[in-house]
Amino acid sequence: MARVAESPRLRMMVPRLYGLVDLEAILDRRAYRQAQLILSEMGDNLQKLVVTDAHRKSVRAISDHSVVLLLGSPAAGKSTIGASLALGANDIWRCSTIKSTSPEHLERHIDPKGGQFFWIDDAWGSTQYQRDRVEAWNQVFPLMQGALKRGTRFLLTSRDYIWNSAKAELKLQAFPILRKSQVIINVHDLTLEEKARILYNHIKLGDQPTEFRERIKPILPKVAQNYNFLPESARRLGTSLFTDDLIPTQSGVIDFFERPTEFLEQTIEGLSPAAKAAIALVFLNGGRVRSPVPMDAMTAPAAAFGANTGRVRDDLQALNGSVLNFAEDEDGPYWTYRHPTVGDAFAAHVAKSPELVELYLAGAKPETIVREVVCTGVEVRGAPVVVPPSLNELLVGRIASLAGYSLVSFICYRSNVAVTKLLLEQRPDLRNRIGAFSTPLRDDIDVDLAIALNRCGLLTEEERSEFVEAVRQSAVEEADDSFIEVNEIRELLHQQEYDDILLEARDAWLSDIDSHVRKLRSEWDTEYAPDDYFDKFRNAVENFTTALGTNIKQEEIKAQVDSSVRSAMLRMYSDYEETPTVTAPLQQSKSKSDSLEELFRDVDE
């Protein structure tokens, strides 16, 4: 034990050791308090954690790049690995560890002096991609890039399908290290031994009675070999609340792993009215509600499920550690989901009942509503709550007072024609955003608004003409090829307008490549590696010359681009200083793999 207390490197590679030592004895008061906050987020997962290859890769990424992006499917264990890294960074690097909940929160807390560790869980949305946050992230990326130079580290997690949507719209050139620091957690790549040890820990340290563990003990080796094994499913198997209706036979337990969503939904549907109201309380508040919860906040969910508010408060406590989690951050205690998939399952439960959808629209925060629901006929992965036409006016009434940016994002990606018309009637000022666009046009949400209104048949000819002028200016003055690459932008232009813009761009900058490269070089920030700085420009030249065809000497232009860019990059490299890195321990001795039967021999003791 003395060796554990003296070795932060050992604790970094075996995070469950943090639960075995007196943290107050090895950390200063500030670091100890931050460690307590991280541990409160993890619940009891730390002692059950198994160090997998994904964990070791994550340590390597945070060491080599000071940034790690953990990607994986729901219930793959991203948050648990993330929390263990945050705790290790607090210990080994003495970083000031901050659990950030948004880009705005991160921006407020970045210290110019550096020495911080930011943990951003589900950075671009917990269950679905939140497009309305992209601009905020794009604005904070340069600050994050600068903070890297001063020793600050960043840990971000995301579901893989959310990241695949986000990366197309994030300006990663402002934070390029994010492309190099990804660790993909593929649960199907877990070794058989890793799966077995994860399963053993959750059953052995769970709350299942001895009789249940005795009955499933012979089945566990088969469970570990199942292709659909998920760490979160293993946790649920070890938690009695989730197995009330489970038949502990081989087929029953295997089915539990192969249909985790259905079993979770069945668990929620079988809860008492007060327990459902307790989950609804968290759901109505966007997945997090401060404690102590005001009595008036409990009124709506309690009434919806026919429960007494006092019982709802009792069931908050009863569900702690299974469905819900009582945690704490720098602002104090709060209630949240034990795992994000609980929010998925409860949303599916709500979606089955128009009355519950109405409850949600009436009681949830407007800023939560625009990020969670979709209108009839619109599909967004991870958004099962669909607003029926009968509730359109209630929806619009609840969200109409939000900031323009949030409503524009909602119109572009979640609204249908009927709701968009209602919104524009109440918020005609949204139309004023059409005309003031930023370059590149493909990244501007207001361009998406023009496209959405055109799709709905709501874009006026005057607004279309303003859009065409913006396309012309961005193409001619900024070499913006968005109108060539993005079909939806191209469709807003008449053929003659399209041809005229191409010819004007040819005469403006394609005939003077050197001047445009010098302009781009003058805008370069020395904190960013020059490697791929000119890639977008090269791509734009390729698109413009292809579109112009015989109207331009393509090979001559490309040769000129190569020469100008090469010369510019030589000067840029002389000004660039690469960020130094501080490594963490990567070695770990592996124990000899036992047979599965031997591993589970005492799981029922």
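Because the structure is predicted, anything quoted here is derived from the model rather than measured. (Residues numbered from 1 in each chain as written. Predicted model: local features only at pLDDT ≥ 70, side-chain atom pairs only at ≥ 80, totals over all residues. Heavy atoms only, no water.)

### A short note on the overall build of the chain
1) Next: When its secondary structure is counted, the chain shows 35 helices and 10 strands.
2) Next: Burial status across the chain gives 54% buried among its 605 residues.
3) Next: Carbon and sulfur atoms form 47% of the exposed surface of the chain, whose accessible area is close to 26,300 Å². (Helix = DSSP H or I, 4+ residues; strand = E, 2+ residues; numbered from the N terminus. Buried < 20%, exposed > 50% of the residue type's maximum accessible area, 1.4 Å probe, protein only. Areas by Shrake-Rupley, 256 points an atom, 1.4 Å probe, with all protein chains shown as cover.)

### Here's the deal with the side chain of Ser233
1) Next: Following the sequence through the fold, Ser233 ends up in helix 15 (residues 231-237).
2) Next: We classify Ser233 as buried; its relative accessible area is 1%.
3) Next: Sequence-distant contacts of Ser233, that is, excluding residues within four places in its chain, are made with Phe256, Phe257 and Pro260. (Contact = heavy atoms within 4.5 Å.)

### Points about the pairing of strand 5 (residues 182-185)
1) Next: Here strand 5 shows a buried face lined by Val183 and Ile185 and an unburied face lined by Gln182 and Ile184.
2) Next: Two strands pair when backbone bridges link them, and strand 1 (residues 67-72) and strand 5 are joined in this way by 4 bridges, in the parallel orientation. Note that in strand 5 the partner of Gly72 across the bridge is Ile185. (Pairing = 2+ DSSP bridges.)

### Let's talk about the packing of aromatic side chains
1) Next: In the structure shown here, the tally under the stated rule is 20 aromatic pairs.
2) Next: Their ring planes at 80° and their centres at 5.1 Å tell us that Tyr533 and Phe534 sit as a pair that is edge-to-face.
3) Next: Its relative accessible area of 27% is what places Tyr533 among the partly exposed residues.
4) Next: Among the aromatic residues, ring-to-ring pairing joins Phe118, Trp124, Trp137, Phe141, Phe154, Trp163 and Phe175 into one connected group.
5) Next: The aromatic ring of Phe242 is capped on one face by Arg236, whose charged end is 6.0 Å from the ring centroid.
6) Next: Lying across the ring of Tyr161, Arg381 places its NZ or CZ 3.9 Å from the centre. (Phe/Tyr/Trp six-rings, centres within 6.5 Å; stacked < 30°, edge-to-face > 60°. Lys NZ or Arg CZ within 6 Å of the ring centre and 35° of its normal.)

### Here we look at the environment of Ser291
1) Next: For Ser291, the position within the fold is in the loop between strand 6 (288-290) and helix 19 (295-304).
2) Next: Separated by 35 residues in the primary sequence, Ser291 and Phe326 have C-alpha atoms spaced 8.7 Å apart.
3) Next: When sequence neighbours within four positions are dropped, the list of residues in contact with Ser291 reads Phe326, Pro333, Tyr334 and Trp335.

### So, the packing of helix 25 (residues 404-413) against helix 27 (residues 445-455)
1) Next: Two elements in contact, helix 25 and helix 27, have axes whose closest approach is 9 Å; the angle formed by their N-to-C orientations is 45°. When the axes of helix 25 and helix 27 are compared, the pair comes out oblique. For the element pair helix 25 and helix 27, the recorded crossing hand is left-handed. Contact residues: helix 25 offers Tyr405, Val408, Ser409, Ile411, Cys412 and Tyr413, while helix 27 offers Ile445, Asp446, Asp448, Leu449, Ala452 and Arg455.
2) Next: In terms of residue class, the contact of helix 25 with helix 27 is built from 8 nonpolar, 1 polar and 3 charged. (Axes fitted to C-alpha atoms, helices over the stretch in contact; angles between N-to-C directions. Parallel < 35°, antiparallel > 145°, perpendicular 65-115°, else oblique. Left-handed = near helix turned anticlockwise from the far one by under 90°. Nonpolar A, V, L, I, M, F, W, Y, C, P; charged D, E, K, R; others polar.)

### Section: the sheet that holds strand 7 (residues 324-329)
1) Next: Within the open sheet, the 3 strands sit side by side as 6-8-7. Their pairing is antiparallel. Whereas interior strands pair on both sides, the edge strands pair on one side only; in this sheet they are strand 6 and strand 7. Averaged over all pairs of adjacent strands, the angle between strand axes in this sheet comes to 30°, irrespective of strand direction.
2) Next: In the packing of helix 18 (residues 273-284) onto the sheet, the strands contacted are strand 6, strand 7 and strand 8 (332-337), and the crossing angle to strand 8 comes to about 110°.

### Here's the deal with the nonpolar core
1) Next: Core analysis: the largest hydrophobic core is formed by 164 residues, its most contacted members being Trp124, Trp137, Phe154, Leu199, Leu237 and Phe483.
2) Next: Looking at this core, the element that brings in the most residues is helix 18, giving 10 residues.
3) Next: If we ignore the near neighbours within four places in the chain, the residues touching Trp124 are Leu69, Tyr129, Gln130, Trp137, Leu156, Ser158, Ile162, Trp163, Ala166, Leu170 and Leu178.
4) Next: Ranked by size, the runner-up nonpolar core spans 19 residues in total, among them Ala54, Ala61, Ile81 and Trp119. (Core = buried A, V, L, I, M, F, W, Y, C linked by side-chain atoms within 4.5 Å.)

### A word on the pairing of strand 7
1) Next: Relative to strand 8, strand 7 runs antiparallel, the two being bridged by 6 bridges. Across the sheet, the residue bridging to Ala327 is Tyr334, located in strand 8.

### Let's talk about the sheet that holds strand 5
1) Next: One open sheet accounts for 5 strands, arranged 2-3-4-1-5; its pairing is parallel. Strands with a single pairing partner mark the edges of an open sheet, and in this sheet they are strand 2 (96-100) and strand 5. Neighbour-to-neighbour, the strand axes of this sheet turn through a mean angle of 15°, independent of strand direction.
2) Next: Both strand 2 and strand 3 (residues 116-120) contribute to a ladder of 5 bridges, which runs parallel. Of the residues in strand 3, the one forming a bridge with Ile98 is Phe118.

### Some details on the packing of helix 25 against helix 26 (residues 417-426)
1) Next: One can describe the packing of helix 25 onto helix 26 by two numbers: an axis separation of 9 Å at closest approach and a directional angle of 155°. One finds that helix 25 runs roughly antiparallel with respect to helix 26. For the element pair helix 25 and helix 26, the recorded crossing hand is left-handed. In this structure, helix 25 uses Leu407, Phe410 and Ile411 to contact helix 26, whose residues at the interface are Val419, Thr420 and Leu423.
2) Next: Counted by class, the contact of helix 25 with helix 26 contains 5 nonpolar, 1 polar and no charged residues.

### With respect to unusual backbone geometry
1) Next: Going from Ser291 to Pro292, the amide bond is cis rather than trans, its omega being 0°.
2) Next: With respect to the helices and strands, the residue Pro292 is situated in the loop between strand 6 and helix 19.
3) Next: In this structure, the amide linkage connecting Thr439 to the following residue, Pro440, adopts the cis form with an omega of 0°.
4) Next: Considering the arrangement of structural elements, one finds Pro440 in the loop between helix 26 and helix 27.
5) Next: Unusually for a residue other than glycine, Asp122 sits at a positive phi of about 50°.
6) Next: Here Asp122 shows up in the loop between strand 3 and helix 9 (134-148).
7) Next: Non-glycine residue Ala479 carries a positive phi angle of around 55°.

### With respect to the confidence of the model for the chain
It should be kept in mind that the predicted coordinates are not to be read in detail where pLDDT is low.
1) Next: Mean pLDDT over the chain stands at 84; residues scoring 70 or higher make up 89%.
2) Next: By mean pLDDT, helix 3 (residues 23-26) is the weakest element of the chain at 46, and helix 26 is the strongest at 97.
3) Next: Overall, residues 16-29 carries pLDDT values under 50, and its contacts beyond four positions in sequence, including any with other chains, amount to 33 contacts.
4) Next: The low-confidence segment residues 585-593, where pLDDT is below 50, has 19 contacts with residues more than four positions distant or belonging to other chains. (pLDDT = per-residue confidence, 0-100.)

### Quick word on the pattern of salt bridges
1) Next: The tally for this structure, following the rule as stated, stands at 28 salt bridges.
2) Next: A salt bridge links Lys217 to Asp604; the nearest nitrogen and oxygen atoms lie 3.4 Å apart. Residue Lys217 is found in the loop between helix 13 (210-216) and helix 14 (220-224), and its partner Asp604 is found in the segment after helix 35 (596-599); the two are separated by 387 residues along the sequence.
3) Next: By relative accessible area, Asp604 is classed as buried at 15%.
4) Next: Here Lys352 and Glu269 are joined by a salt bridge, their closest N and O atoms 2.7 Å apart. Taken together, the positions of Lys352 in the loop between helix 21 (340-351) and helix 22 (354-363) and Glu269 in helix 17 (residues 260-269) put the pair 83 residues apart, joining distant regions of the chain.
5) Next: Classification of Lys352 by relative accessible area gives exposed; the value is 53%.
6) Next: One connected set of salt bridges, linked through shared partners, spans Glu232, Arg235 and Arg236. (Salt bridge = Lys/Arg side-chain N within 4 Å of Asp/Glu carboxyl O.)

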